[in-house]
Amino acid sequence: MNLTPYRQALAQPGLRSLLLVSVLARVPLTATGVTLTFFVVLDLGRGYGAAGLIGAALTVGAAIGSPLLGRLVDRHGLRPMLAVTTAAEAVFWASAPTLSYPVLLPAAFLAGLLALPAFSVIRQSIAALVPQEHRRPAYALDSMSVELSFMVGPALAVALATTVSARLTLWTVGAGVVAAGVTLWLMNPPTRSADEQVAPQSRVPRRVWLTPRLLAVLAVSAGATLVLGGTDVAVVAVLRAGGEVGWTGAVLAMWAVASLVGGFAYGAVKRSFSPLALAAALSLCTIPVGLGGDHWWLLCLALVPAGALCAPTLAATADAVSRLAPAGVRGEAMGLHGSAVTVGIALGAPLAGAVIDASAPLWGFAVTGAVGLALTLAVLPLELRHRRAAAVAPDDATELVPAAV
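Residues numbered from 1 in each chain as written. Predicted model: local features only at pLDDT ≥ 70, side-chain atom pairs only at ≥ 80, totals over all residues. Heavy atoms only, no water.

Draft legend 1. The overall build of the protein, seen in detail. For the protein, the count of helices and strands is 17 helices and 0 strands. Taken against the 2.2 N^0.38 rule, which gives 22 Å for 405 residues, the C-alpha radius of gyration of the protein at 21 Å falls within 12% of a compact globule. Viewed in the frame of its principal axes, the protein has a C-alpha envelope of about 60 × 50 × 40 Å. In the protein, buried positions account for 50% of the 405 residues. A separation threshold of at least 6 residues defines the contact pool for the protein, and within that pool the share at least 24 residues apart is 84%. When the accessible area of the protein is evaluated, it comes to approximately 17000 Å², of which 70% is carbon and sulfur surface. A gap of 6 Å separates the mean positions of the 24 positive and 18 negative side-chain charges of the protein. (Helix = DSSP H or I, 4+ residues; strand = E, 2+ residues; numbered from the N terminus. Rg over C-alpha atoms; globule rule 2.2 N^0.38 Å. Buried < 20%, exposed > 50% of the residue type's maximum accessible area, 1.4 Å probe, protein only. Contact = heavy atoms within 4.5 Å. Areas by Shrake-Rupley, 256 points an atom, 1.4 Å probe, with all protein chains shown as cover. Lys, Arg positive; Asp, Glu negative; His and termini not counted. Charge placed at Lys NZ, Arg CZ, Asp CG, Glu CD.)

Draft legend 2. Expanded view of unusual backbone geometry. Although it is not a glycine, Asn188 adopts a positive phi angle of roughly 50 degrees. You can see Asn188 is positioned in the loop between α9 (166–187) and α10 (194–198).

Draft legend 3. Broad picture of the nonpolar core. Core analysis: the biggest nonpolar cluster contains 56 residues, and Ile126, Leu282, Leu299, Leu303 and Phe365 have the highest contact counts within it. In this structure, Val21, Ile54, Ala108 and Ala118 belong to the second largest nonpolar core, which totals 39 residues. (Core = buried A, V, L, I, M, F, W, Y, C linked by side-chain atoms within 4.5 Å.)

Draft legend 4. Spotlight on the environment of Ile54. Position of Ile54 among the secondary structure elements: in helix α4 (residues 48–76). Look at Ile54 and you get buried, because its relative accessible area is 0%.

Draft legend 5. Main features of the side chain of His134. By secondary structure assignment, the location of His134 is in the loop between α7 (118–129) and α8 (135–163). Relative accessible area serves as the criterion here: at 16%, His134 is assigned to the buried category. With residues near it in sequence (within four places) discarded, His134 still touches Gln8, Ala9 and Gln12.

Draft legend 6. Examining helix α6 (residues 101–113) more closely. Here α6 contains 13 residues, and its C-alpha end-to-end distance of 19 Å stays within 8% of the 18 Å for a straight helix at 1.5 Å per residue. Those residues of α6 that fall on the buried side of the exposure criterion are Tyr101, Leu104, Ala107, Ala108, Ala111 and Gly112. (Expected span 1.5 Å × (residues − 1).)

Draft legend 7. Structural detail: helix α2 (residues 15–30). In a regular helix each residue adds 1.5 Å, so 16 residues correspond to 22 Å; α2 covers 22 Å between its end C-alpha atoms and thus fits that length. For α2, every residue scored as buried is listed here: Leu15, Leu18, Leu19, Val21, Ser22, Ala25, Arg26, Val27, Pro28, Leu29 and Thr30. In the core, the buried residues of α2 are packed alongside α1 (4–10), α3 (32–43), α7, α8 and α9.

Draft legend 8. View of empty space enclosed by the protein. This model, assessed by the stated rule, comprises 1 cavity of 30 Å³ or more. Roughly 40 Å³ of volume is contained in the largest cavity. What lines the largest cavity is simply Ser66, Leu69, Gly70, Val73, Met81, Pro117, Ser120, Val121, Gln124 and Gly331. Among the elements that make up the lining of the largest cavity, the one with the highest residue count is α4 (4 residues). Grouping the constituent residues of the lining of the largest cavity by class yields 5 nonpolar, 5 polar and no charged. (1 Å grid on protein atoms, 1.4 Å probe; cavity = no way out; pocket = protein on both sides within 12 Å on 5 of 7 lines; lining within 4 Å. Points joined across faces, edges and corners; volume = space filled by probe spheres on them. Nonpolar A, V, L, I, M, F, W, Y, C, P; charged D, E, K, R; others polar.)

Draft legend 9. Focus on the packing of aromatic side chains. Enumeration over the complete set of coordinates arrives at 3 aromatic pairs. When the centroid spacing of 5.1 Å and the interplanar angle of 80 degrees are considered together, the rings of Phe92 and Trp93 count as edge-to-face. Each member of the pair Phe92 and Trp93 is classed as buried. Taking 4.1 Å as the distance between ring centres and 5 degrees as the angle between the ring planes, the aromatic pair formed by Trp247 and Trp296 counts as stacked. Of this pair, Trp247 sits in the loop between α12 (212–241) and α13 (248–268) while Trp296 is found in helix α15 (residues 296–324), placing the two residues 49 residues apart along the sequence. For the cation-ring pair, Arg79 lies above Trp185, with the distance from its terminal atom to the ring centre recorded as 4.2 Å. For Arg136, the ring lying beneath its charged end belongs to Tyr266, and the centroid distance is 6.0 Å. (Phe/Tyr/Trp six-rings, centres within 6.5 Å; stacked < 30°, edge-to-face > 60°. Lys NZ or Arg CZ within 6 Å of the ring centre and 35° of its normal.)

Draft legend 10. Representation of the packing of α15 against helix α16 (residues 330–358). Their axes nearest at 10 Å, the elements α15 and α16 cross at an angle of 150 degrees. Of the possible angle classes, the one that applies to α15 and α16 is roughly antiparallel. Crossing of α15 over α16 shows right-handed handedness. For the pair formed by α15 and α16, the contact residues are Leu314, Thr317, Ala318, Val321 and Ser322 on the first element and Arg330, Ala333, Met334 and His337 on the second. Of the residues contributing to the contact of α15 with α16, the split by class is 5 nonpolar, 3 polar and 1 charged. (Axes fitted to C-alpha atoms, helices over the stretch in contact; angles between N-to-C directions. Parallel < 35°, antiparallel > 145°, perpendicular 65-115°, else oblique. Left-handed = near helix turned anticlockwise from the far one by under 90°.)

Draft legend 11. Spatial organisation of the pattern of salt bridges. With the rule as written, the count across this model stands at 5 salt bridges. Across the pair Arg26 and Asp142 runs a salt bridge whose closest N-O atoms are separated by 2.8 Å. Here Asp142 lies in helix α8 and Arg26 lies in helix α2, a separation of 116 residues in the sequence. Across the pair, exposure class does not vary: Arg26 and Asp142 are buried alike. Notably, a salt bridge pairs Arg323 with Asp319, separated by 3.0 Å at the nearest N-O pair. With a gap of 4 residues between them, Arg323 and Asp319 both fall in helix α15, about one helical turn apart. One salt-bridge network, held together by shared partners, links Arg26, Arg123 and Asp142. (Salt bridge = Lys/Arg side-chain N within 4 Å of Asp/Glu carboxyl O.)

Put into structure tokens, the structure is as follows:
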């Protein structure tokens, strides 16, 4: 496999350290949901429905706050935003273990509203550090680092909450989130390239840059993560129905490993793949997964094709947003991308759960995959119209659908 694209991307000053910090910063952030769930269920004595409401409040707050915080970065720079969000995280996680449930619910929403947007910040910094021709492998590395964080963070939180206490786990995760914010503040990665900083920056109206094409990428991002959120739930349901729920960790680990391999391959190949094509393939490969049966090893094999498309799809959507958004509003655009990803995951899990409750576990894969595919197909005519226009005015070479699709 050709590693030249990775060597060229990693040769860009500052990228190696940013990717290393990204893994460490995201580990505690990926553990917040499961940590709050354990605290609500074990320490507050509430049910999983109540824990789900806390998670929903945090998610809704983050979906609203992410583009607002990105706009703050665009206008005032990275450090003021990091100072505000890190302080808010410190207050929430220090006080959360002492709060009653009625107080914790609105506090979780406010914490989500001012949550540390490490995912969006890192992707914005990659766009500033890496020229467009080298961004594909850079975003592939970023997506692989996200997979690593999700493999480590929740597992550590579960181990600590079940062996020590959920309350201590809250404080530990909170300390990690605050440490991530402080580290990013000290590191202060660039949010605009050197050329973009020198060039005069005029305020770009939202109606100019929030184009139908960018909205299409955001819709595809939400559709892809909806499929991923639904897959998480469907895997548990299928294994539980077959009496093999103890293999859940192994199956999800195989899914994540397939994503890492796919992400690595995506960054190493020479040609680019569009986010629309990748999201459509991810959805198509997810639809038949449930037909693999309820044996854990069959489920592992059935998940490999879809898993191999997870990291490439997320990398391609982030890359597309970085190309379509002007530098002066890239923070807000990446914030919107983060919101789309968050909303997709938040919708995918309950959708799959409702379908499974009403029918059978295999339909959780089929329905969420079909919804993701429908979202992708819905924006395809827009991209085809753009390609026809680009054929007349070839100066705009940014395509979401390659000619082979």
